[in-house]
Amino acid sequence: MIYDHLETWVDRVLLVAAIASIVVGGALALAGSQQAADVVWAAVTAAVGIRLVVSIAIDLLHRQAGVDIIAVLAVGGSLLLGEYLAGAVIALMLTTGTALEAYAEGRASRELSALLARAPRAAHRYEHGTLVTRSVDELAAGDLLLVKPGEVVPVDGLVVGAAATLDEAALTGESRLVTRDDGDQVSSGVVNAGSPFDLRAIATADGSTYAGIVRLVKQAQDEKSPSVRLADRYAALFVPLTLAVAGLAGIVSGDPVRALSVLVVATPCPLLLAVPIAIVAGISRAARRGIIVKGGGALETLARGKVLLFDKTGTLTQGRPQLAEVEAGEEVGADEVLRLAASLDQVSPHVLAAAIVHAARDRRLPLSFPEDVTEKAGSGIEGVVDGRRVTVGVAEFATADATLPGWARDLRRRSAIEGTTVVFVGVEGRAVGALVLDDPIRPDTPRAIRSLRRAGVSRIVMVTGDHYAVAEMVGAAIGVDAVLAERTPGDKVEAVRTERADAISPVVMVGDGINDAPALALADVGVAMGARGATASSEAADVVIVVDRLDRLAEAIRLAHRSRSIAVQSVIAGMGMSLVAMGFAAFGFLPPVAGAMLQELIDVSVILNALRALRGGTEQKVVVPGWTETSAALRHEHRELAPHIGRIRTVADRLDAVEPVAAGAELRAIRAFLVDDLVPHEELEDRSVFPMLAKAIGSDDATAALHRTHREIFHLARLYVRLVDELPEAGPAPDDLPDLRRVLYGLHAILQLHMAQEEELYLGLGDEHPAADGDAGRSAPPGLPTAA
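These numbers were taken from a predicted model, which means no experiment stands behind them.

## Looking at the overall build of the protein chain
Next, step 1: Across its full length, the protein chain holds 26 helices and 24 strands.
Next, step 2: For the protein chain, buried positions account for 51% of its 788 residues.
Next, step 3: When contacts within the protein chain are restricted to residue pairs at least 6 apart in sequence, long-range pairs at least 24 apart make up 72% of them.
Next, step 4: On the protein chain, roughly 34100 Å² of surface is accessible, and the fraction owed to carbon and sulfur atoms is 58%.

This is how it looks when you write it as structure tokens:
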């Protein structure tokens, strides 16, 4: 560290001295004092030469050899041949090149430096009713903190009380604001962009998200790029060639100045400067997008990777259980089944309990606090809710006599086929309903897979511990090339080893859990989804994606491609221009002074080219003005519609299992949902949202398929309304059931597909004027646009 500071100070002094020598020496020469001018020029040339010799000696001690030898020969040759002005110009060239490198590397690494610099160091903690400022190192899980406007959130925590408006750009690269409501989790490192809010710490500062990112960034800065070694490999050819051309030019012409001229224009600043700048710029650009690359080695290898292995859970899927369906018997309605279960699960630490409570709060169901609660591991939980004995868990636990009604048995069979989880709800020993939970595919997964294909990935394999039937369904839905199911952590390591043996390009493994760490370590490049992943996987990985976005993997590959290609391009272009200049110098058309000036221009052009790695390398989203508010409203409405859409299939399944009067009531409730909620939502999209998208894209082709789906939804809705309106008050007869069931199943299937299509399309759109994202929380939507 001390040597680095001393080296920087010496380089700055030499730069000032070189500039001063040119000015002072030039003035002396014009005044007729040529000898004094030569002394000035020779002094600065010698000083820079000594600096180069020291640098080479230090490199040799570290067993590193490069291309500085040409610069030393050029400086020494100018002194031996009495070309003092040329020597001073060479000194100026070398010192300005070093300054340019420092500036360019500083600019290239500014995102990494910014991440380190903004790490929070203090926090405001409530202590005995007063607010005290403490170091973040003193914070502990459970502390209640106040985050003031403009402050960086110091630790991971949960919002308490009023909602928080946050700027997460430092972690995600997205400039729009997000809103987190009471009870929502907030990651350290984001900025409070609104009013003060209280935060309940759930981790220490060292164990929080941002501290992990800082550790990864420091590790990335300590790594050496193999592309610098690549420059050294080019140097192994370039140095002997330069010496041969210089020697031949001097011998054939009999003029040693020609040899000096060749050495001057061959001084390999493009090799010394451009490669590390391009690589560091790529790493910095990735950091801005929430992708931490642990050094140039990982970046360069990632650029060549063509084979990807994905863990499924938490990588291709959400990784967290979500409520997919509520099944209710004849005694209790669906909302009441969910409310009773969520009320009881409020005091359970089980992961499924958290999903059930979250779903109930999403639907704004009033929860009661349970009493006399007992929980049996592996079976379920029971307690008293509003005076009734409620049980939630496996079927045998939820019912007193372990017998299930027909609808429950059917649901359990269907769940086994589809790979979902069923939690039964009992009241006073009788099964009154069930909750179906699953791990859904990420909305951005299909789009991310296509983006990876466009980025050059030729083979994608999904590796999972799930049963084959479930894994096969997921793999077919997202479009992978192969599925490896029922694999243990050891099997995943073997899968990576097999792919490495068969592949001609590096193999990339992507995962998020502790069980993925061995496979991540073995792969040529391990990529950890670090937003919700385990620390072990992040430490074993070469690349860590610190935002919960799968599409950033394709961005990482594109950025790696771009940085590596710019680095190689800079080396080849710089060497090519130097070789041409060497030819002119060898034939006497380029004297040493002019050659040094030309080489300076080559340096500048190559550095500017290397800095291009700071930009580009990402797929641009279609910009739709006002899309932030519109998409938030659409997603809010989709969440409101989802439970009712799931209910459509449940009613269809049970039409012949309930009394006609009860079936009629269920059918009329679905009719009201279609007429009052669903069809108006789809019609508004047709009139307002789709024209907005078509205008931004420049064509209505992108929404043509969605328009066609709307037509089919409207057709089925009209048909269903007619069928229900023709039913007698007593409910459907057996002859009515086939047509009703056919239309209901058709509606459910097309609505599920349509919602997935819209979610995927909307994820690929952006807004030129970011605003607060109401979708991040659960507040009321700002409203869809009205038709023009």
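## Structural notes on the environment of valine 394
Next, step 1: Here valine 394 is to be found in the loop between β15 (388–393) and α14 (395–398).
Next, step 2: Given the relative accessible area of 35%, valine 394 is considered partly exposed.
Next, step 3: In this structure the C-alpha to C-alpha distance between valine 394 and valine 422, which are 28 residues apart in sequence, comes to 7.6 Å.

## Focus: the packing of helix α21 (residues 551–586) against helix α22 (residues 592–610)
Next, step 1: Interhelical geometry of α21 versus α22 gives an angle of 165° and a closest axis separation of 9 Å. As far as their axial angle goes, α22 and α21 are roughly antiparallel. With respect to the hand of their crossing, α21 and α22 are arranged in right-handed fashion. The residues of α22 that touch α21, namely those facing Ile566, Gln569, Ser570, Gly574, Met577, Ser578 and Ala581, are Leu598, Gln599, Ile602, Ser605, Val606, Asn609 and Ala610.

## What to know about the sheet that holds strand β4 (residues 157–160)
Next, step 1: One open sheet accounts for 6 strands, arranged β2-β1-β3-β9-β4-β7; its pairing is antiparallel. Either end of the sheet is taken by a strand with one partner, and the two such strands are β2 (130–135) and β7 (185–186).
Next, step 2: In terms of strand pairing, β4 meets strand β9 (residues 197–201) through 4 bridges, oriented antiparallel. In the sheet register, valine 159 faces β9, and the bridge partner there is leucine 199.

## Considering the environment of leucine 411
Next, step 1: Here leucine 411 is to be found in helix α15 (residues 406–418).
Next, step 2: A relative accessible area of 2% means that leucine 411 is categorised as buried.
Next, step 3: Sequence separation between leucine 411 and alanine 434 is 23 residues, and the spatial gap between their C-alpha atoms is 8.6 Å.
Next, step 4: Look past the residues within four positions of leucine 411 in its chain and what remains in contact with it is Glu327, Val422, Ala434 and Val436.

## Re the pattern of salt bridges
As a working rule, side chains carrying opposite charge can pair if their charged atoms are close by.
Next, step 1: Per the stated rule, a full pass over the model turns up 31 salt bridges.
Next, step 2: For glutamate 555, the salt bridge goes to arginine 289, with nearest N and O atoms at 2.9 Å. Highlighted residues: glutamate 555 in helix α21 and arginine 289 in the loop between α10 (269–288) and β10 (291–293), separated in sequence by 266 residues. Of the two residues, glutamate 555 and arginine 289, both sit in the buried class.
Next, step 3: A salt bridge links lysine 492 to aspartate 311; the shortest N-O distance between them is 2.9 Å. With lysine 492 in helix α18 (residues 489–502) and aspartate 311 in strand β11 (residues 307–311), this residue pair connects regions lying 181 residues apart in the sequence.

## Re the sheet that holds strand β16 (residues 421–427)
Next, step 1: The antiparallel open sheet is built from 6 strands, whose spatial order is β12-β17-β16-β15-β14-β13. Strands with a single pairing partner mark the edges of an open sheet, and in this sheet they are β12 (322–328) and β13 (371–376). For this sheet, the mean inter-axis angle between neighbouring strands, taken without regard to orientation, is 20°.
Next, step 2: Bridge count between strand β14 (residues 380–385) and β15: 6 bridges; the pairing is antiparallel. Its bridge partner lying in β15, glycine 383 is registered against valine 390.
Next, step 3: Here α15 sits on the sheet and contacts β12, β16 and β17 (430–438); the angle it forms with β17, its principal contact strand, is near 15°.

The rules behind these values
- Residues numbered from 1 in each chain as written.
- Predicted model: local features only at pLDDT ≥ 70, side-chain atom pairs only at ≥ 80, totals over all residues.
- Heavy atoms only, no water.
- Helix = DSSP H or I, 4+ residues; strand = E, 2+ residues; numbered from the N terminus.
- Buried < 20%, exposed > 50% of the residue type's maximum accessible area, 1.4 Å probe, protein only.
- Contact = heavy atoms within 4.5 Å.
- Areas by Shrake-Rupley, 256 points an atom, 1.4 Å probe, with all protein chains shown as cover.
- Axes fitted to C-alpha atoms, helices over the stretch in contact; angles between N-to-C directions.
- Parallel < 35°, antiparallel > 145°, perpendicular 65-115°, else oblique.
- Left-handed = near helix turned anticlockwise from the far one by under 90°.
- Pairing = 2+ DSSP bridges.
- Salt bridge = Lys/Arg side-chain N within 4 Å of Asp/Glu carboxyl O.

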